[in-house]
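Listed below are the residues making up each chain.
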Amino acid sequence: MSFQRRMEESVKLAMVEDTVEYHLFLIPDESRDPEKHKEVLQKYIERIMTQFAPMLVSYIWQNQPFNLKYKPGKGGVPAHMFGMTKFGDNIEDEWFIVYVIKQITKEFPELVARIEDNDGEFLLIEAADFLPKWLDPDNSTNRVFFHRGELCIIPAPRKSGEESWLPNTPPTIPQALNIISAHPEKILASESIRAAVNRRIRGYPEKTQASLHRAHCFLPAGIVAVLKQRPRLVAAAVQAFYLRDPIDLRACRVFKTFLPETRIMTSVTFTKCLYAQLVQQRFVPDRRSGYRLPPPSDPQYRAHELGMKLAHGFEILCSKCSPHFSDCKKSRVTASPLWASFLESLKKNDYFKGLIEGSAQYRERLEMAENYFQLSVNRPESSLAMSPGEEILTLLQTMPFDIEDLKKEAANLPPEDGDQWLDLSADQLEQLLQEAAGKKESESISKEKEQNYNLTQVSESVKSFISKVSTHKGAELPREPSEAPITFDADSFLNYFDKILGPRPRESDSDCLDEEDFECLDSDDDLDLETQEPGEEASLKGTLDNLKSYMAQMDQELAHTCIGKSFTTRKQVESVSQNTDNNSDEEDSGTGESVMAPVDVDLNLVSNILESYSSQAGLAGPASNLLHSMGVQLPDNTDHRPTSKPMKN
């Protein structure tokens, strides 16, 4: 299966637990003491997480945050730094991690990184249109890496013994690291492949702010206080509501933790993915819950609805844990031996932006840093990790808050963001798809192309498609001329069929058959007849003569039918171009030469495709789909005459 097919399948499949894994390796150094390797990697983890803390601390993750931990060597894979993140429905989390990994290898050139998800080498899937022919999912293992901030692909040798440093089979991790260390310039991915990946991560880290959505919500005071300290918990609450089941809703019949009587207006920061998940779900609360909604015409209906749904999510989270959970999970991160050095590194990297120690803003950033340290740097074992519900209950027990102060803040809320982006028009959707594919062009250029459009592009594109070699993997459509010219390697073509059909007896060209005289068939005949006995030679030549006579007789019979007259011949075209007067009657009166004149394949092909395209009336159809897949964009049809002939095969 090609990466192009895998890219199409990844669009169709929606996975519940989409996960991305990332590995950071240290380039081999023979002088390094293996016993100190773990200590070295742990120091790298601390340096990386500290240096990238400013962009990671405030990020709202869909399910799990970016994290790194030491992973010991196993099965030929050396010890390295490893991380895994479940990003769920928010694909932006995955591409933000790609950007972070790319930047890590840029800041630390001695590190090499590889990244993959449930689909495998998703970076190659993103650049599927630009990959070399030899690269497919079967031989791409351990070939794709980030090094010095650039995407690298370890090539395969085209011929045996061409490059002694290239393995004939997919390399192992140690082999790949040695190749990257010794030949960093020779393994750099092509410009088009790197551009495809860079286009997908363009705009980070500023893009993370553009993915946020701020909305007013009517929430219980306890949730307002929790979100002030832990803004990221909004993701867990939305997921709890979004993935609720009847058992979860039992806890929401009568609220025990977040009473509806304490609700106040507040501003909540979502990611656009979380906001869309919350808004698009229709839900009617249980009458016993106490959550009442105003009529839909009320200006604050949306705020009440969002608050009601979010409150259900928080209540579900708290209902899944006991109020008397183990105190060992409540230990503060400051007790960790790594916290002191981590905090000192944050100060050196100007994380606190010169804020006065002890001020409200300083404490807020310190709280975020502690939370980030707990989740990404000093992650406890799963048995000791604190669940979101336990974290919420801990905050409610240890964090005092004044409802009156929260009500005063509600009077001066910042304006909420518009959600027009939820309702995309067809034109806006098409524009987004074109931008994602990297094919957006200005209107002036498009109009100029329409005015100077050349219909020969249609026939040339179809000819190129027909000349392509089709295998069991499917037919390949030619690329746009601006991207890559279509080339044909005769040697590779013949060698490919040698492997399938066995060695050919003679060199021959089977694609040069002519409709009239079968000249190439005669030449192939002669080559084959040289190897035949005299009697077999005469018999074969007679059979071929009879076949050509039979085909010529069929052409003459069909020429007088509707099928024959439906095709435009070259003689008819020449006659029309030379005689502007009405000479059609004379052309029809001939029986020999005019009837047997060769068909103008290009003219018939273009005219039939245009008729089929016109009959689609602007909708999708076989002609537009075929031409669009080959990169041919026809201008709008300004001739609205009805068509009668269907597209010929």
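Before any of the text, the structure's been laid out above.
My aim in this report is to walk through the structure given alongside it, one point at a time. (Residues numbered from 1 in each chain as written. Predicted model: local features only at pLDDT ≥ 70, side-chain atom pairs only at ≥ 80, totals over all residues. Heavy atoms only, no water.)

1. Quick look at the overall build of the protein chain
Then comes step 1: In terms of regular secondary structure, the protein chain is built from 28 helices and eight strands.
Then comes step 2: By sequence separation, contacts in the protein chain at least 24 residues apart represent 78% of the contacts at least 6 residues apart. (Helix = DSSP H or I, 4+ residues; strand = E, 2+ residues; numbered from the N terminus. Contact = heavy atoms within 4.5 Å.)

2. Observations regarding the side chain of arginine 114
Then comes step 1: Within the secondary structure, arginine 114 is located in strand β4 (residues 111–117).
Then comes step 2: Among the polar contacts made by the side chain of arginine 114, one reaches the side chain of glutamate 116 at a distance of 3.5 Å.
Then comes step 3: In this view, arginine 114 contacts Glu21, Tyr22, His23, Phe25, Glu121, Asn142, Val144, Phe145 and Ile173; residues no more than four positions away in its chain are not counted. (Polar contact = N/O pair within 3.5 Å; in protein donor to acceptor, adjacent residues only side chain to side chain.)

3. A look at the pattern of salt bridges
Then comes step 1: Here the structure, examined in full by the defined rule, presents 17 salt bridges.
Then comes step 2: Across the pair glutamate 409 and lysine 228 runs a salt bridge, and its minimum N-O distance is 3.2 Å. Pair noted here: glutamate 409 is in helix α17 (residues 403–410) and lysine 228 is in helix α9 (residues 221–229), with a separation of 181 residues, a long-range link.
Then comes step 3: A relative accessible area of 39% places glutamate 409 in the partly exposed class.
Then comes step 4: In this structure, lysine 320 and aspartate 248 form a salt bridge, with 3.8 Å as the shortest nitrogen-oxygen distance. Taken together, the residues span a long stretch of sequence, with lysine 320 in the loop between α13 (301–319) and α14 (339–348) and aspartate 248 in helix α11 (residues 246–250) at a distance of 72 residues.
Then comes step 5: With a relative accessible area of 58%, lysine 320 lands in the exposed category.
Then comes step 6: The network of salt bridges with common partners includes Arg302, Glu305, Lys309 and Asp419. (Salt bridge = Lys/Arg side-chain N within 4 Å of Asp/Glu carboxyl O. Buried < 20%, exposed > 50% of the residue type's maximum accessible area, 1.4 Å probe, protein only.)

4. Here we look at the pairing of strand β8 (residues 263–271)
Then comes step 1: By the criterion of burial, β8 is predominantly enclosed, with seven of the nine residues buried.
Then comes step 2: Taken together, the nine bridges between strand β7 (residues 212–220) and β8 define a ladder with antiparallel strand orientation. Residue pairing in the sheet places histidine 213 in a bridge with phenylalanine 270 of β8. (Pairing = 2+ DSSP bridges.)

5. Notes on the nonpolar core
Then comes step 1: Ranked by size, the top nonpolar core spans 59 residues in total, and within it Ile48, Phe66, Ile104, Ile115 and Leu123 carry the most contacts.
Then comes step 2: Leu227, Ala240, Leu306 and Ala311 belong to the second largest nonpolar core, which has 44 residues in total. (Core = buried A, V, L, I, M, F, W, Y, C linked by side-chain atoms within 4.5 Å.)

6. A few points about unusual backbone geometry
Then comes step 1: The omega angle of the peptide bond from tyrosine 204 to proline 205 is 5°, so this bond is cis rather than trans.
Then comes step 2: Within the secondary structure layout, proline 205 lies in the loop between α7 (191–200) and α8 (207–210).
Then comes step 3: At asparagine 142, a position not held by glycine, the phi torsion is positive, near 60°.
Then comes step 4: Along the chain, asparagine 142 falls in the loop between α5 (122–126) and β5 (144–147).
Then comes step 5: The phi torsion at arginine 148 lies on the positive side, around 55°, for a residue other than glycine.
Then comes step 6: By secondary structure assignment, the location of arginine 148 is in the loop between β5 and β6 (150–153).

7. Some thoughts on the side chain of arginine 194
Then comes step 1: Structurally, arginine 194 is set in helix α7.
Then comes step 2: Filtering out sequence-adjacent residues up to four positions away, arginine 194 remains in contact with Glu150, Leu151, Leu188 and Ala189.

8. Considerations on the packing of α9 against α13
Then comes step 1: Following both chains from N to C, one finds α9 and α13 inclined at 80°, their axes separated by 11 Å at the closest point. For the element pair α9 / α13, the angle class is roughly perpendicular. Contact residues: α9 offers Ile223, Val226 and Leu227, while α13 offers Leu310, Ala311 and Phe314.
Then comes step 2: The residue makeup of the contact of α9 with α13, split by class, is six nonpolar, no polar and no charged. (Axes fitted to C-alpha atoms, helices over the stretch in contact; angles between N-to-C directions. Parallel < 35°, antiparallel > 145°, perpendicular 65-115°, else oblique. Nonpolar A, V, L, I, M, F, W, Y, C, P; charged D, E, K, R; others polar.)

9. Observations regarding the sheet that holds strand β3 (residues 80–86)
Then comes step 1: The six strands lie next to each other as β2-β3-β1-β4-β5-β6, forming an open sheet whose pairing is antiparallel. What marks the edges here is a single partner per strand, and that holds for β2 (69–71) and β6. Sheet twist, expressed as the mean angle between neighbouring strand axes with direction ignored, is 35°.
Then comes step 2: Here strand β1 (residues 19–26) pairs with β4 via seven bridges, running antiparallel. Considered in β4, the bridge of valine 20 is made with aspartate 117.
Then comes step 3: The strands touched by helix α4 (residues 91–107) are β1, β3, β4 and β5; relative to β4, the strand with the most contacts, the crossing angle is about 165°.

10. Details of the packing of helix α10 (residues 233–242) against helix α12 (residues 272–280)
The geometry of a pair of packed helices is captured by two quantities: the angle between their axes and the separation between those axes.
Then comes step 1: At a minimum axis distance of 10 Å, the contact between α10 and α12 shows a crossing angle of 35°. The element α10 and its partner α12 pack so that their crossing is left-handed. Residues Val234, Ala235, Val238, Gln239, Phe241 and Tyr242 of α10 form the contact with α12, whose participating residues are Leu274, Gln277 and Leu278.
Then comes step 2: For the contact of α10 with α12, the class distribution of residues is seven nonpolar, two polar and no charged. (Left-handed = near helix turned anticlockwise from the far one by under 90°.)

11. Digging into helix α2 (residues 37–51)
Then comes step 1: Look at α2: 21 Å from first C-alpha to last across 15 residues, which is about the 21 Å you get at 1.5 Å a residue.
Then comes step 2: Every buried residue of α2 is accounted for by His37, Leu41, Tyr44, Ile45, Ile48, Met49 and Thr50. (Expected span 1.5 Å × (residues − 1).)

12. A few points about the packing of aromatic side chains
Geometry of an aromatic ring pair is reported as the spacing of the ring centres plus the angle between the planes.
Then comes step 1: In total, this model carries 15 aromatic pairs according to the counting rule given.
Then comes step 2: Both rings, one in tyrosine 22 and one in phenylalanine 66, keep their centres 5.0 Å apart while their planes meet at 10°; by these two values the pair is stacked. Here tyrosine 22 is found in strand β1, whereas its partner phenylalanine 66 is found in the loop between α3 (53–56) and β2, with 44 residues between them in sequence.
Then comes step 3: Of the residues examined, phenylalanine 66 reaches a relative accessible area of 1% and is grouped as buried.
Then comes step 4: Pairwise contacts between aromatic rings join Tyr59, Trp61, Phe96, Tyr99 and Tyr204 into one cluster.
Then comes step 5: In this structure, lysine 71 packs its charged tip against the face of phenylalanine 82, placed 4.3 Å from the ring centre.
Then comes step 6: Taking the ring centre of phenylalanine 241 as reference, the NZ or CZ of arginine 244 above it sits at 4.3 Å. (Phe/Tyr/Trp six-rings, centres within 6.5 Å; stacked < 30°, edge-to-face > 60°. Lys NZ or Arg CZ within 6 Å of the ring centre and 35° of its normal.)

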